[in-house]
Amino acid sequence: MNTPPLRCEFLGFELHTPIVLASGIIGTSAALLVRAAQSGAGMVTAKSCGPRPRVGHPNPVAFDFGGGLINAIGLTNPGAKAEAALLAEAKAQLAPLGVPLIASIFGGTVSEFGTAAQIVAASEPDLLEVNISCPNVGDEFGTPFAGAVESAAAVTEAVRGAVSCPISIKLAPNVPDIARIAAAVVEAGADAITAINTMPGMVIDPVSSRPLLYNRVGGISGPALKPIALRCVYEIAQVVSVPIIGTGGVSTGQDAAEMLMAGASVVGVGSAVYYRGVAALGEIGQELAEFMACHQWPSVAALRGRSHRET
Ligand SMILES: Cc1cc2nc3c(=O)[nH]c(=O)nc-3n(C[C@H](O)[C@H](O)[C@H](O)COP(=O)(O)O)c2cc1C
């Protein structure tokens, strides 16, 4: 079969595929980020880091419940300074592969976001993703900043003022109107939107009668998240014109096509790496190309937003 090219454009970067390694899955070292790129990712996202090192939650922190994964890792990270060194090493190795590097930051306050952004930006990532939506640290940080227009916009403004590289704000699905929040962060200076982070959930061990995760509540990802992610991306695409990194439950090339049709410019893949191994990043791209050939889609750009058309 003559498969169409997966080449596409994102914020001025020429990507060889729209498949992007999502944050937190394996992006914890330069070697793993490079491995994801060599396995077929068009861009790679590092795990989120905050201004200071964090140990995260005690075990158990993740569980495969059948319909997907639930995790409450608790933002384990080495802190922005060590992360910047890791990112600089990764960037040097990714540049010759033509794979842009996405750094990811979080903070407990608006000003901490600015601080983490500034430290990490020294490593010159191609894009800075701002994780305002982690659902697993509520005990310490309270409601995620992604929960309200005002807090989401305030973080965006702080990060916009702290760095000169492009920024993407990562939104949460568990809000009444994600489109309003997307519009507000774009108004506040976001160059792109990443949608979505995990959806809060719980798994109970029926024998012990206790929640299975140490943190009790965790974030749902994988197949169970896909219809929620598609709806979020669809609604966001109706109100903003910045590119969207559509993320949530993409496990196959056909899932990736659906995400593009909903309005994503590129497609984040996380849990599928757990299910299928790191080779999934290249395989999902190959499956997408085969799907496009089979249904006569000439390019990734042609798929983008097609679900919004009447005919
Ligand atoms: C184990 C695990 C750790 C994660 N860590 C992060 C993180 O550090 N920062 C972040 O923005 N998202 C994190 N996420 C969320 C993913 O980046 C992604 O948004 C979510 O899992 C939905 O995509 P998926 O269904 O393809 O996994 C994590 C997800 C998982 C499963």
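Below is a short write-up of the structure. In this text, all values refer to a predicted model and were calculated from it rather than measured experimentally. (Residues numbered from 1 in each chain as written. Predicted model: local features only at pLDDT ≥ 70, side-chain atom pairs only at ≥ 80, totals over all residues. Heavy atoms only, no water.)

1. Considerations on the site of the ligand
Around the ligand there are 21 residues in total, and Ser23, Ser48, Lys170, Gly249 and Ser271 lie nearest to it. One of the backbone N or O atoms of Gly222 is found 2.8 Å from an oxygen atom in the ligand. For the ligand, an oxygen atom lies 2.9 Å from a polar atom in the backbone of Gly270. Protein chains shield 94% of the accessible area of the ligand, which is 610 Å² for the free molecule. (Near = heavy atom within 4 Å. Polar contact = N/O pair within 3.5 Å; in protein donor to acceptor, adjacent residues only side chain to side chain. Areas by Shrake-Rupley, 256 points an atom, 1.4 Å probe, with all protein chains shown as cover.)

2. A closer look at the environment of Val250
On the secondary structure map, Val250 appears in the loop between strand E15 (244-247) and helix H8 (253-262). Non-local contacts of Val250, meaning those with residues more than four positions away in its chain, are made with Asp255, Ala256, Met259, Val267, Gly268, Val269, Ala272 and Ile284. (Helix = DSSP H or I, 4+ residues; strand = E, 2+ residues; numbered from the N terminus. Contact = heavy atoms within 4.5 Å.)

3. Here we look at unusual backbone geometry
Most peptide bonds are trans, and most residues other than glycine sit at a negative phi. Along the chain, Asn59 connects to Pro60 via a cis peptide bond; the corresponding omega equals -5 degrees. Along the polypeptide, Pro60 turns up in the loop between strand E4 (43-45) and strand E5 (62-64). With phi around 50 degrees, Leu11 is a residue other than glycine that occupies positive phi space. Turning to its location among the elements, Leu11 is positioned in the loop between strand E1 (8-10) and strand E2 (13-15). Residue Leu11 is classed as partly exposed on the basis of its relative accessible area of 28%. (Buried < 20%, exposed > 50% of the residue type's maximum accessible area, 1.4 Å probe, protein only.)

4. Describing the packing of aromatic side chains
Applying the stated criterion across every chain, the model contains two aromatic pairs. Between Phe113 and Phe145, the aromatic rings sit 5.2 Å apart at their centres with planes inclined by 85 degrees, giving edge-to-face as the arrangement. Remark: Phe145 occurs in the loop between helix H4 (138-141) and helix H5 (149-162) and Phe113 occurs in helix H3 (residues 110-121); sequence separation between them is 32 residues. Phe145 shares its class with Phe113; the two are buried. Seen in terms of ring centroids, Tyr274 and Tyr275 are 5.1 Å apart; in terms of plane orientation they differ by 75 degrees. Their pairing is edge-to-face. Assessed through its relative accessible area of 32%, Tyr275 is described here as partly exposed. (Phe/Tyr/Trp six-rings, centres within 6.5 Å; stacked < 30°, edge-to-face > 60°.)

The analysis is restricted to geometry; functional conclusions fall outside its scope.
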